[in-house]
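Chain by chain, the residues:
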Amino acid sequence: MAKKITARQQQILDFIKESMRELGYPPTRREISDRFNFGSPNAAEEHLRALDRKGFIDMRKHTSRGISIPGFSGLTSTVEAGQGLAVMGLVAAGSPIEYFDDKQNCDVPANLFNPTADYMLRVQGESMINAGIFDGDLLAVHKTSEVRSGQIVVARLENEVTVKRYRQSTDPNIIRLEPENDNYRTIEVDLRRGPDALTIEGVTVGVIRLNP
């Protein structure tokens, strides 16, 4: 007999799917708690554990977005062969690495994301795992130089690129590129070093996990 879930657990499962469809990654416990007006993220955690025990989700330990749904990728049926985005190489989720142009194609349409993605990058490293970005993921990037504090960006530091959370410090000349993993350090960039000190290549608009 199939295991049953409560009405609230079904709502949370639907919210997880909604987040994965629209953003490319699952919500955090805090985001679930805020959505359903729970008193604390602990209530969300209890519902997630129940869904995990009943086989509706798989939980990954020690990460805030470590949730996957068996058989559910978040992709819609609009993917058409030959209409996919180009995979433009690697981006580091760790220490910055040298960018290289290694164009491939994947069957993911640009309009799957909002704003529209311009290209994909393959993630190398684990510095962004608490944001639901894992080693080997494909990162959808919207090309822009305009960015708000708190967004996850692809940043170029001279000839190296990295994916981090962008933070404007109280000093307007200092930008902080923050990891989402306590094992990695924040990169501070002093814009007074010159125009090549930091270039924002784009903002991330979604994640595709080929092997959840």
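What counts, and at which threshold
- Residues numbered from 1 in each chain as written.
- Predicted model: local features only at pLDDT ≥ 70, side-chain atom pairs only at ≥ 80, totals over all residues.
- Heavy atoms only, no water.
- Core = buried A, V, L, I, M, F, W, Y, C linked by side-chain atoms within 4.5 Å.
- Buried < 20%, exposed > 50% of the residue type's maximum accessible area, 1.4 Å probe, protein only.
- Helix = DSSP H or I, 4+ residues; strand = E, 2+ residues; numbered from the N terminus.
- Contact = heavy atoms within 4.5 Å.
- Pairing = 2+ DSSP bridges.
- Salt bridge = Lys/Arg side-chain N within 4 Å of Asp/Glu carboxyl O.
- Phe/Tyr/Trp six-rings, centres within 6.5 Å; stacked < 30°, edge-to-face > 60°.

Student: How should I be thinking about the nonpolar core in this particular structure?
Tutor: Side chains of a nonpolar character, in soluble globular proteins, are inclined to be buried together. Core analysis: the biggest nonpolar cluster contains 23 residues, and Phe113, Met120, Val153, Tyr166, Leu177, Val189 and Leu198 have the highest contact counts within it. The set of elements that each furnish at least two residues to this core consists of β7 (138-143), β8 (152-157), β10 (174-178), β11 (187-190) and β12 (199-208). Of all the elements, β12 adds the most residues to this core, at four residues. In this structure, Leu177 is in contact with Val153, Ala155, Leu157, Thr162, Lys164, Arg165, Tyr166, Thr186, Ile187, Val189 and Leu198, ignoring residues within four places of it in sequence.

Student: Just to check I follow, could you spell out the pairing of β10 for this structure?
Tutor: A regular strand places its side chains on the two faces of the sheet in alternate fashion. In terms of residue burial, β10 counts as a mostly covered element, since four of its five residues are buried. Relative to β10, strand β9 (residues 160-168) is paired through four bridges, and the arrangement is antiparallel. Pairing of Tyr166 across the sheet is with Leu177, part of β10. Linking two consecutive strands that pair antiparallel, namely β9 and β10, is a turn of five residues. Here β10 runs beside β11; their pairing, made up of four bridges, is antiparallel. Pairing of Leu177 across the sheet is with Ile187, part of β11.

Student: Looking at this model, I keep getting lost on the pattern of salt bridges. Mind explaining?
Tutor: Two side chains that carry opposite charge are able to pair once their charged atoms sit near each other. Tallying each qualifying case throughout the model produces ten salt bridges. For the salt bridge of Arg176 with Glu178, the shortest nitrogen-to-oxygen distance reads 3.5 Å. The network of salt bridges with common partners includes Arg29, Glu45, Glu46 and Arg49.

Student: Looking at this structure, how should I read the environment of Glu46?
Tutor: Along the chain, Glu46 falls in helix α3 (residues 41-53). Remark: the alpha-carbon pair of Glu46 and Gln9, spanning 37 residues in sequence, is separated by 9.9 Å.

Student: Can you help me understand the packing of aromatic side chains in this one?
Tutor: Geometry of an aromatic ring pair is reported as the spacing of the ring centres plus the angle between the planes. Taken as a whole and judged by the stated rule, the model has two aromatic pairs. With a centroid separation of 6.0 Å and 85° between ring planes, the pair formed by Phe15 and Phe36 is classed as edge-to-face. A residue pair is termed long-range when its members are at least 10 positions apart, and Phe15 in helix α1 (residues 7-23) and Phe36 in the loop between α2 (29-35) and α3 qualify at 21 residues. Of the two residues examined, Phe15 and Phe36, each falls in the buried class. Joined through ring pairs, the aromatic side chains of Phe15, Phe36 and Phe38 make up one cluster.

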